[in-house]
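# An overview of the molecular structure
Here are the chains, one letter per residue:
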Amino acid sequence: TARARYYDGSTWQFGETSNPAHWFMDFAIGRYDSSGKLTYGIGLAESQIDLAQLVAWATFCATEKLTFNAVLDSTQTAADILTLITRCGFASPTWASGKLGVVWDGRNKSPVAAFGMSNIIKGSFEVRYITEQLADEIIVRFVDPDKDWNQSEVRVVAPGVDSPNSATTVDILGCTNRAMAGKFANYLAAQQYYRRRRITWDCDFEGFVCQRGDVVLLSHDLTQWGYSGRVVATGAN
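Residues numbered from 1 in each chain as written. Predicted model: local features only at pLDDT ≥ 70, side-chain atom pairs only at ≥ 80, totals over all residues. Heavy atoms only, no water.

### Topic: the overall build of the chain
Looking only at helices and strands, the chain features 4 helices and 13 strands. Sorting the 237 residues of the chain into buried and exposed places 34% on the buried side. Excluding contacts between residues fewer than 6 apart, the proportion of contacts in the chain whose partners are at least 24 apart in sequence is 65%. With 22 positive and 25 negative side-chain charges, the chain shows a separation of 1 Å between the mean positions of the two kinds. (Helix = DSSP H or I, 4+ residues; strand = E, 2+ residues; numbered from the N terminus. Buried < 20%, exposed > 50% of the residue type's maximum accessible area, 1.4 Å probe, protein only. Contact = heavy atoms within 4.5 Å. Lys, Arg positive; Asp, Glu negative; His and termini not counted. Charge placed at Lys NZ, Arg CZ, Asp CG, Glu CD.)

So this is what it looks like as structure tokens:
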């Protein structure tokens, strides 16, 4: 176990935790020795960290039973360590709000905007298909406490695959739980199956509403994805 300094939504705490969000806060704030020298972490001020967003992410990690238990024993950049921590929480760092925060892949997120023929700039809509061979089996390796802290692995086959031909191996630093490793493997396998298209388009100022990680509604005549338009008048009272 290890102790981190983290914000719980009302006060700062210092105690044992494995929550990735708590360790993200701890590393971002950093720690100082008696002479005021930074000995660990980045050393950001509280005003430079999006605490409200991180508290929400901490709740997500606790609900999904995601943990970060790692020994940092090599020289790495601060950005690399933040990425390691967020990866265990299905997230990635971001400065979109002007403060250090995260974007995470939560379940069933609500859309924040809608785009269709009326607000997509003409000629900018594009669909690109990923045609290269994708892995049909995901192997996730993690440190297993049940095997005296030796490496173990979880294998997951992509949906619709009976006999996998190509596999990819992913190491998760900080994962010490087989169930969590299995969840991560399922997540990667689902990406291989569902995220085979990349859709891009341009729009006017309405696009400023969206940030990386947001969910939007999309309709377009070219791909026949539903119908869209604008209400110009109504006769109802």
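### Some remarks on helix 2 (residues 51-64)
What sets the pattern is the α-helix's 3.6 residues per turn: residues three or four places apart point alike. Counted at 1.5 Å a residue, the expected span for helix 2 with its 14 residues is 20 Å, and the 20 Å between its end C-alpha atoms agrees. All of the buried residues along helix 2 are Leu51, Leu54, Trp57, Ala58, Phe60, Cys61 and Glu64. When helix 2 is viewed along its axis, its buried side chains cluster within an angular range of 170° and face the same direction. Within helix 2, the exposed residues directed more than 90 degrees away from the buried face are Ala52, Ala62 and Thr63. At the C-terminal side of helix 2, Lys65 shows a positive phi close to 60°. (Expected span 1.5 Å × (residues − 1). Arc of directions from axis to C-beta.)

### Topic: the packing of helix 1 (residues 20-29) against helix 3 (residues 78-87)
Taken N-terminus to C-terminus, the directions of helix 1 and helix 3 make an angle of 165°; their axes are 9 Å apart at the nearest point. With respect to helix 3, the element helix 1 is oriented roughly antiparallel. Crossing geometry of helix 1 relative to helix 3 is assigned as left-handed. In this structure, helix 1 contributes Pro20, Trp23, Phe24 and Phe27 to the contact, and helix 3 contributes Ala78, Ile81, Leu82, Ile85 and Thr86. Its residues assigned to classes, the contact of helix 1 with helix 3 shows 8 nonpolar, 1 polar and no charged. (Axes fitted to C-alpha atoms, helices over the stretch in contact; angles between N-to-C directions. Parallel < 35°, antiparallel > 145°, perpendicular 65-115°, else oblique. Left-handed = near helix turned anticlockwise from the far one by under 90°. Nonpolar A, V, L, I, M, F, W, Y, C, P; charged D, E, K, R; others polar.)

### Considerations on the packing of aromatic side chains
Each aromatic ring pair is characterised by the separation of its centres together with the angle its planes make. Applying the stated rule across the entire model yields 10 aromatic pairs. Each ring, one from Phe27 and one from Tyr40, has its centre 5.5 Å from the other, and the planes form 85°; the classification is edge-to-face. Note that Phe27 is positioned in helix 1 and Tyr40 in strand 4 (residues 38-40), a separation of 13 residues in sequence. The class for Tyr40 is partly exposed, based on a relative accessible area of 25%. Seen from their ring centres, Phe125 and Trp225 are 6.3 Å apart, and the 80° between their planes marks the pair as edge-to-face. (Phe/Tyr/Trp six-rings, centres within 6.5 Å; stacked < 30°, edge-to-face > 60°.)

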